[in-house]
Number of protein chains: 2
Amino acid sequence: MRVAAPGTTRIGWIGTGVMGRSMCGHLMAKGYKATIYSRTRDKAADLVAKGAEWAASPREVAEKSDVVFSIVGFPADVREVILGPTGALAGAKPETVIVDMTTSEPSLAREIDAAAKAKGLFSLDAPVSGGDIGARNAALSIMVGGETAVVEAIRPLFECMGKSIIHQGPIGSGQHTKMVNQILIAGNMVGVCEALMYAFKAGLDVERVLQTVGGGAAGSWSLNNLGPRILKGDYEPGFFVEHFIKDMGIALAEAKAMGLVVPGLALAHQLYLAVQAQGLGRKGTQSLILALEHISGFKR
Amino acid sequence: MRVAAPGTTRIGWIGTGVMGRSMCGHLMAKGYKATIYSRTRDKAADLVAKGAEWAASPREVAEKSDVVFSIVGFPADVREVILGPTGALAGAKPETVIVDMTTSEPSLAREIDAAAKAKGLFSLDAPVSGGDIGARNAALSIMVGGETAVVEAIRPLFECMGKSIIHQGPIGSGQHTKMVNQILIAGNMVGVCEALMYAFKAGLDVERVLQTVGGGAAGSWSLNNLGPRILKGDYEPGFFVEHFIKDMGIALAEAKAMGLVVPGLALAHQLYLAVQAQGLGRKGTQSLILALEHISGFKR
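Analysis parameters
Residues numbered from 1 in each chain as written. Chains lettered and ligands numbered in written order. Predicted model: local features only at pLDDT ≥ 70, side-chain atom pairs only at ≥ 80, totals over all residues. Heavy atoms only, no water. Least-squares fit on C-alpha atoms with pLDDT ≥ 70 in both. Contact = heavy atoms within 4.5 Å. Helix = DSSP H or I, 4+ residues; strand = E, 2+ residues; numbered from the N terminus. Expected span 1.5 Å × (residues − 1). Buried < 20%, exposed > 50% of the residue type's maximum accessible area, 1.4 Å probe, protein only. Arc of directions from axis to C-beta. Domains from an automatic or database assignment. Buried area = accessible area lost by both parts, 1.4 Å probe. Salt bridge = Lys/Arg side-chain N within 4 Å of Asp/Glu carboxyl O. Polar contact = N/O pair within 3.5 Å; in protein donor to acceptor, adjacent residues only side chain to side chain. Nonpolar A, V, L, I, M, F, W, Y, C, P; charged D, E, K, R; others polar. Phe/Tyr/Trp six-rings, centres within 6.5 Å; stacked < 30°, edge-to-face > 60°. Core = buried A, V, L, I, M, F, W, Y, C linked by side-chain atoms within 4.5 Å. Pairing = 2+ DSSP bridges.

**Q** So what's going on with the relation of the copies chain B and chain A? Residues and values would help.
**A** Rotating chain B by 180° about the axis while translating it 0.0 Å along that axis superimposes it on chain A, leaving an RMSD of 0.0 Å. Seen this way, the second copy is the image of the first under a two-fold rotation axis. Comparing contact sets, 100% of the residues at the interface of chain B also lie at the interface in chain A, consistent with an isologous, same-surface contact.

So this is what it looks like as structure tokens:
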């Protein structure tokens, strides 16, 4: 496989939401020519203004590209834009590399890879963490699954968007690694929100408590970053509740398929459904404390 | 109140287990004269050899001390050594300060304080975190509840044992802060152990996964310190499962008394009972993964 390079490698981009827009923009800034498609055309206006070519469908994106990236919403969207009748696989020439960066199902990544191989194409799964800020600053952590030769050919492109690009194993391993990440966050967020609710209700000086416990065995990124936001009453999204629910749903289904019992993840999923039921689906994951307080009849 | 000082302040120590032995030893090393009692006399032999005076009961300890510390097992033990017929309160003169450093019930701390006040004494609750290593290195984090004047009088003694001594608020606040710490750890441990089980079962390179996710939004002290031990198959105790079960039981009871719903804590408590049911009560808290794997019928 040829290693990607500006001038020779034409990239395609499907999905120009908050994440995709920044990520594709970094590639263009490095000199890559891009053809783009998004369900909502408005969201692509910035990139078009910077010289990206608009395509009428994912298929048309693929027809004009050597490497096609997608970062969309749900696994059903991934299926449509890659495997659907107007999807990327329908338009791609042999040797094209399909790179799905959506947080999606490991099993779907394997299905896409099989379909790609049958057409003489390649594929990678490469979900990210780091959120919109990481995307904007080209500081994402990218978890990659697929064949080594393909990963190495695409690495220069990943390096335009992220600061940690780690090949986790065969196809699907990127998604599995992202699921591990989300299961960790799920358990921890339940602890963080229950603990802070307890601290408020017990009448403690919660800021002092955070300083006391944040540096020790109870410390975590979530506690140290979201705890202070909760203290300020800031529930704006770093990461959307509804996206987290999607991710946990995928992880639960994968765990079930593997025969694993994950009661903590199942509970976190249910509790976040309660957060959503309170109309907080577009708020940040720290909103869990509001649902717990609501259930407890406790008002700060 | 007079600020504690070697030569003038006689200290008493009740409970010379792994923690208490180190802590009392640090005070003696700074020149404090100590009278000690422990349920198992053998455990006090080291301190006696270093010059501590042995007493036949907590009451006798208190008779010979200006400040009496206790660090024992369960709240029932605290009740016995402080409030019981041969307990410290029975022997203490007015102005004595009773300092319970056991992780125990906030409500019991308030009960002890009321009983102490009725006799013209003072009390503090001052549980610690940092484990046996923190105790040995005089590097404990000490969470203190009680009146400011009493806390400041005792601070020089705390400084012999810990590196972070934080006054959290009125009596019981030290215990409440420790409960916040344990609720955080409970939720996080469920996430850590479910996530690592998932990673193993999915066939990932778990060491690489830890490196990938440990520094980001899923990172935590527990993941970064206990994850590698799980990888090595090391289940020796940093913190005993059976002590953690005790602490979670206290937190659940306090939460219930405050009317708080804490489903994540309740689940963690149940799962750790499963760990104990598998004969792992004297292993470290990372053993939770073994119980989850056992429930899932998954053998690594």
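Resuming the write-up.
**Q** Would you mind going over helix α6 (residues 106-118) of chain A in detail, with residue names and values included?
**A** Its 13 residues give α6 of chain A an end-to-end C-alpha distance of 19 Å, which sits within 8% of 18 Å, the value for a rise of 1.5 Å per residue. Of all the residues in α6 of chain A, the buried ones are P106, L108, A109, I112, D113 and A116 of chain A. Projected down its long axis, α6 of chain A shows its buried positions confined to an angular sector of 155°, all on one face. On its buried face, α6 of chain A is in contact with α4 (75-83), α5 (88-91), β6 (122-125), α9 (173-201) and α12 (241-257) of chain A together with α9 (173-201) of chain B. Taken from the residues just after α6 of chain A, G120 of chain A is the one with a positive phi, measuring 80°.

**Q** Explain the environment of T285 of chain A residue by residue, including any values.
**A** All names here are of chain A. Relative to the elements of secondary structure, T285 occurs in the loop between α13 (263-277) and α14 (288-296). A residue is classified by how much of its surface remains accessible, and T285, at 6% relative accessible area, is buried. C-alpha separation for the pair T285 and A139, spaced 146 residues apart in sequence, amounts to 21 Å. For T285, the residues in contact, after removing those within four places along its chain, are M189, L226, F239, F240, V241, F244 and Y272.

**Q** Could you give an account of unusual backbone geometry, naming the residues involved and the relevant values?
**A** Residues and elements named next belong to chain A. Its identity as a non-glycine residue notwithstanding, E95 has a phi of 80°, on the positive side. If you check the backbone angles, A138 has positive phi at about 55° while not being a glycine. Relative to the assigned elements, A138 resides in the loop between α7 (131-136) and β8 (140-145). A relative accessible area of 22% places A138 in the partly exposed class.

**Q** Describe in detail the side chain of S57 of chain B, supporting the description with residues and values.
**A** Within the secondary structure layout, S57 of chain B lies in the loop between β3 (53-54) and α3 (58-63). Each residue touching S57 of chain B, except ones within four places of it in the same chain, is listed here: Y37 and T86 of chain B.

**Q** Hey, could you go over the domain arrangement of chain A for me, with residue numbers and the actual values?
**A** Residues and elements named next belong to chain A. What the domain assignment lists for chain A is domain 1 (11-171) and domain 2 (176-296). Look at where the C-alpha atoms of domain 1 and domain 2 centre, and you get two points 29 Å apart. Listed per partner, the contact involves 16 residues of domain 1 and ten residues of domain 2. Buried area between domain 1 and domain 2, summed over both chains or domains, comes out near 1,000 Å², and the portion from carbon and sulfur atoms is 61%. On the surface where domain 1 and domain 2 come into contact, there are zero salt bridges. Linking domain 1 to domain 2 there are five residue pairs in polar contact (both at pLDDT 80 or more). Counting residues per element, the ones that place at least two in the side of domain 1 that touches domain 2 are α6 and β7 (128-129). Take the side of domain 1 that touches domain 2: its biggest share by element is three residues, from α6. Taken together, the residues that form the side of domain 1 that touches domain 2 break down as six nonpolar, seven polar and three charged.

**Q** Could you give an account of the environment of Y198 of chain B, with specific residues and numbers?
**A** Checked against the element boundaries, Y198 of chain B lands in helix α9. A relative accessible area of 0% places Y198 of chain B in the buried class. Separated by 95 residues in sequence, Y198 of chain B and E293 of chain B place their C-alpha atoms 9.6 Å apart. Those residues within four positions of Y198 of chain B in sequence are excluded, and the remaining contacts are P106, H176, M179, V180, I183, A251, E254, A255, M258 and L260 of chain A.

**Q** Go over the interface of chain B and chain A with me, naming the residues and quoting the values.
**A** With 58 residues of chain B at the interface, the matching set in chain A holds 58 residues. Between chain B and chain A, roughly 4,700 Å² of surface is buried when both sides are summed, and carbon and sulfur atoms account for 71% of that area. The interface formed by chain B and chain A includes zero salt bridges. Within the residue set of the side of chain B that touches chain A, elements represented by two or more residues are β8 (140-145), β9 (162-169), α9, α10 (206-213), α11 (221-231), α12 (241-258), α13 (263-277) and α14 (288-296) of chain B. Sort the elements by how many residues they give to the side of chain B that touches chain A and α9 of chain B lands first, with 20 residues. Residues belonging to the side of chain B that touches chain A are distributed by class as follows: 35 nonpolar, 19 polar and four charged.

**Q** Outline the side chain of D113 of chain A, supporting the account with residue identities and numerical values.
**A** Its place among the elements puts D113 of chain A in helix α6. D113 of chain A has contacts with S123 and I171 of chain A, leaving out every residue within four places of it along the chain.

**Q** An account of the packing of aromatic side chains is requested, with residue identities and associated values reported.
**A** All names here are of chain A. Counted under the stated rule, the structure contains ten aromatic pairs over all chains. For the ring pair F69 and F158, a centre distance of 6.5 Å and an interplane angle of 70° mean the geometry is edge-to-face. With a gap of 89 residues between them, F69 in strand β4 (residues 67-70) and F158 in helix α8 (residues 148-161) connect regions that are remote in the sequence. For F158, a relative accessible area of 0% puts it in the buried group. On the basis of an interplanar angle of 80° and a centroid distance of 5.0 Å, the ring pair of F244 and Y272 is categorised as edge-to-face.

**Q** If you had to explain the nonpolar core to someone new, which residues and values would you point to?
**A** Formed by 93 residues in total, the largest nonpolar core has its most connected members in Y272 and L288 of chain A together with Y272 and L288 of chain B. Of all the elements, α9 of chain B adds the most residues to this core, at 16 residues. Every residue in contact with Y272 of chain A, bar those within four places of it in the chain, is listed here: M189, V241, F244, I245, M248, T285 and L288 of chain A.

**Q** Quick rundown of the pairing of β8 of chain B? Include the residues and the values.
**A** Residue and element names in this part refer to chain B. The buried count for β8 comes to six of six residues, which makes it a mostly enclosed element. Across the two faces of β8 the burial is the same, with L140, I142 and V144 and S141, M143 and G145 all buried. Summarising the sheet, strand β7 (residues 128-129) and β8 pair through two bridges and their orientation is antiparallel. Following the sheet pairing, S129 is matched in β8 by S141.

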